[in-house]
Amino acid sequence: MKIRRNKKMLFKIALTLILGLAIATYFLMKYSHIDEFDKETVILAGSEDPPVVTKDNSMIHFMEKEHMKIPVDKNVVHLAVVVCGERFAETMVLLKSAVVLTKKKLYFHIIAEDELHDKFETALKHWPADIKARLHFTVYPLSFPKQNTDEWKRLFKRCASQRLFLPSMLHDVDTVLYVDTDTLFVTSLDDFWNHLEAFNSTQIASMTVETENAATGWYNRFALHPYYGETGMNSGVMLMNLTRMRQVSWEQRMQQFYSQYKFKIVYGDQDLINIYFSQYPDQIYATSCEWNYRPDQCMYINDCKSKDNIRVIHGSRRCFHNEKQPAFKAVYDAFKYYELGSEVTTNLIDAIKTNLLDTQETNCGKVSHLFYKNLEDHIARIRSDATNHFEEIEQNRTER
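Residues numbered from 1 in each chain as written. Predicted model: local features only at pLDDT ≥ 70, side-chain atom pairs only at ≥ 80, totals over all residues. Heavy atoms only, no water.

A. Structural context of the overall build of the chain. A count of helical and extended segments in the chain gives 14 helices and 12 strands. In the chain, the proportion of contacts linking residues at least 24 apart, taken out of those at least 6 apart, comes to 72%. Surface exposure of the chain reaches about 21200 Å², of which carbon and sulfur atoms provide 54%. (Helix = DSSP H or I, 4+ residues; strand = E, 2+ residues; numbered from the N terminus. Contact = heavy atoms within 4.5 Å. Areas by Shrake-Rupley, 256 points an atom, 1.4 Å probe, with all protein chains shown as cover.)

Here is the structure:
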């Protein structure tokens, strides 16, 4: 009996050793490829301050991020939108405005409810061939954390909080420009990408202040939670360095702040973003209202300091679709009926000017030139560059 018992014990020990060896071999084979990485820096997930593995496998903690080189593909502009409910048509007008002046290649990341996927696929495939040649797009299903999924879906507006989880959803994307569906570009998206060069080593995102006039600010008068700066930030237009956001455990922070402040926030995801940057103000690159121009900037007085160079028009509170702010609706309608590929000055800019004639009695209508000035300036630059190019060609031909 004793011999039999010893044999069983030896068998168990041998079996344990074999299993241990098999597991060790598996992990050795799984991670042995790490020596093959070239000059690129590889970020490892799994800790609050994830370490970095470099070519020589040395460990560098995130606190030394100023020495890290974040790769940015300057040849492709990534644009992200989240679409739920009746926002399909509005989103198509937004995407149309994005391609009018942008010359770089574009990649649209469209996160939408399942019933909208086919509509986007069909609509974008019917765009002019010259635009499709420089455009890629992917339509994604909605994706929220498993914990409190229903609460995240309903936070503030339907699906609005989805933007908070772009770092994990777009895990292969370095930088993306997120915009609300009720926005219009009156500039080239190339201009947004120029902000990346201005980011310092700590900044992970760029947004516009909620207001430049503290007397009309909401956060400084009513908020029951922390917020960024003097008047808070508006998150409707947000340039996001997703690589850096993943490194600072952005999504985990969002869930922590939601648990802490869920009964004190009013504007959902925007409030959570404000809470985050109130604690980490060195991580935000703040821009002026020209990059996110809303009715609040002109409905009483024109309190936007960048008075001559609006880049993005944000039709918050559904003003693209009602008569509360007719100047904003006038611009939206011009983009809505503009045919992609047709002449911009005649068919878009002139249409905007015509539509705005009926808004002159409103406060926003009194500064109506702001809505199209950047479009005119951009077209003028394009024509000037083209003229100079042809003159140079002609001069070279003559000299020969």
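So, next bit.
B. Region of the structure containing the packing of helix 2 (residues 88-101) against helix 3 (residues 117-125). Their axes nearest at 11 Å, the elements helix 2 and helix 3 cross at an angle of 35°. Note that helix 2 runs across helix 3; the crossing there is right-handed. Judged by residue contacts, Phe 88, Thr 91, Met 92 and Leu 95 of helix 2 engage Lys 119, Phe 120, Ala 123 and Leu 124 from helix 3. Among the residues forming the contact of helix 2 with helix 3, the class breakdown is 6 nonpolar, 1 polar and 1 charged. (Axes fitted to C-alpha atoms, helices over the stretch in contact; angles between N-to-C directions. Left-handed = near helix turned anticlockwise from the far one by under 90°. Nonpolar A, V, L, I, M, F, W, Y, C, P; charged D, E, K, R; others polar.)

C. Focus on the confidence of the model for the chain. Summarising the model, the chain shows a mean pLDDT of 83, and 78% of its residues fall at 70 or more. In this model residues 26-71 is a low-confidence stretch, pLDDT under 50, and it forms 50 contacts with partners more than four residues away in sequence or in other chains. (pLDDT = per-residue confidence, 0-100.)

D. Looking closely at the packing of aromatic side chains. Tallied over the full model, the rule gives 21 aromatic pairs. Seen in terms of ring centroids, Phe 185 and Phe 192 are 5.9 Å apart; in terms of plane orientation they differ by 90°. Their pairing is edge-to-face. Accessibility assignment for this pair places Phe 185 and Phe 192 in one class, buried. An aromatic cluster is present here, built from Trp 218, Tyr 219, Phe 222, Tyr 227 and Tyr 267 joined pairwise through their rings. (Phe/Tyr/Trp six-rings, centres within 6.5 Å; stacked < 30°, edge-to-face > 60°. Buried < 20%, exposed > 50% of the residue type's maximum accessible area, 1.4 Å probe, protein only.)

E. A look at the pairing of strand 7 (residues 175-179). Within strand 7, 5 of the 5 residues are buried, which leaves the element mostly enclosed by the surrounding structure. Both faces of strand 7 are covered, namely the face carrying Thr 175, Leu 177 and Val 179 and the face carrying Val 176 and Tyr 178. Relative to strand 7, strand 4 (residues 76-83) is paired through 2 bridges, and the arrangement is parallel. Residue pairing for strand 7: Ala 80 is matched across the bridge by Tyr 178. The sheet contact formed by strand 7 and strand 10 (residues 233-241) spans 5 bridges and is antiparallel. (Pairing = 2+ DSSP bridges.)

F. Up close: the sheet that holds strand 7. One open sheet accounts for 7 strands, arranged 6-5-4-7-10-9-11; its pairing is mixed. Each edge of the open sheet carries a strand with a single partner, namely strand 6 (135-140) and strand 11 (284-287). Averaged over all pairs of adjacent strands, the angle between their axes in this sheet comes to 25°, without regard to strand direction. Bridge analysis of strand 9 (residues 205-209) against strand 10 gives 4 bridges, and the strand direction is antiparallel. Opposite Ala 205, over in strand 10, you have Met 240 as the bridge partner.

G. Looking closely at helix 7 (residues 190-198). Among all positions in helix 7, only Asp 190, Asp 191, Phe 192, Trp 193, His 195 and Leu 196 are buried. Tucked inside the fold, the buried residues of helix 7 contact strand 4, strand 7, strand 8 (183-185), strand 10, strand 11 and strand 12 (312-314).

H. Summary view of the packing of helix 2 against helix 12 (residues 326-337). Axis separation between helix 2 and helix 12 bottoms out at 9 Å; the angle between their running directions is 80°. Taken together, the axis directions place helix 2 and helix 12 in an arrangement best described as roughly perpendicular. Counted together, Ala 89, Glu 90, Val 93, Lys 96, Ser 97 and Val 100 of helix 2 and Tyr 332, Phe 335, Lys 336 and Tyr 337 of helix 12 form the full contact between these two elements. A class-by-class count of the residues in the contact of helix 2 with helix 12 yields 6 nonpolar, 1 polar and 3 charged. (Parallel < 35°, antiparallel > 145°, perpendicular 65-115°, else oblique.)

I. Region of interest: helix 13 (residues 344-356). Compared with an ideal rise of 1.5 Å per residue, which puts 13 residues at 18 Å, helix 13 spans 17 Å between its outermost C-alpha atoms and is within 8% of the ideal. At Asp 350, helix 13 is deflected by roughly 30°, the largest bend along its length. (Expected span 1.5 Å × (residues − 1). Bend = angle between axes of the 7 residues up to and from the residue.)

J. Looking closely at the environment of Val 209. Structurally, Val 209 is set in strand 9. Separated by 20 residues in the primary sequence, Val 209 and Gly 229 place their C-alpha atoms 8.5 Å from one another.

K. Broad picture of the environment of Val 367. Residue placement: Val 367 occurs in the loop between helix 13 and helix 14 (373-399). As for Val 367 and Leu 356, which are separated by 11 residues in sequence, their C-alpha atoms are 9.9 Å apart. When residues no more than four places from it in sequence are discounted, the contact partners of Val 367 are Tyr 293, Cys 298 and Asn 302.

L. Molecular detail of the pattern of salt bridges. Evaluation of the coordinates by the stated rule reveals 14 salt bridges. Salt-bridge contacts for Lys 125 lead to Glu 121; the nearest nitrogen and oxygen are separated by 3.7 Å. Separated by 4 residues within a single helix, Lys 125 and Glu 121 lie in helix 3, roughly one turn from each other. What makes Glu 121 partly exposed here is its relative accessible area of 28%. A salt bridge links Lys 353 to Glu 376, with the nearest nitrogen and oxygen atoms 2.4 Å apart. (Salt bridge = Lys/Arg side-chain N within 4 Å of Asp/Glu carboxyl O.)

M. Geometry of the state of the cysteines. In this structure the tally under the stated criterion is 3 disulfides. Two residues share a disulfide in this structure: Cys 289 and Cys 304, whose sulfurs sit 1.9 Å from each other. Judged by the torsion about the S-S bond (105°), the Cys 289/Cys 304 disulfide is right-handed. In this pair, Cys 289 is assigned in the loop between strand 11 and strand 12 and Cys 304 in the loop between strand 11 and strand 12, connecting sequence segments 15 residues apart. The residues Cys 289 and Cys 304 share a single accessibility class, namely buried. (Disulfide = S-S within 2.5 Å.)

N. Expanded view of the nonpolar core. Membership of the largest hydrophobic core comes to 67 residues, with the highest contact counts inside it found for Phe 108, Ile 110, Trp 127, Leu 177, Phe 185 and Phe 335. Considering each element in turn, this core owes the most residues, 9 residues, to helix 2. If near-sequence neighbours (up to four positions away) are discounted, Phe 108 is found in contact with Leu 79, Leu 95, Ala 98, Val 99, Trp 127, Leu 135, His 136, Phe 137 and Thr 138. The next biggest cluster of nonpolar side chains, apart from the first, holds 40 residues, and it includes Leu 164, Met 240, Phe 257 and Ile 273. (Core = buried A, V, L, I, M, F, W, Y, C linked by side-chain atoms within 4.5 Å.)

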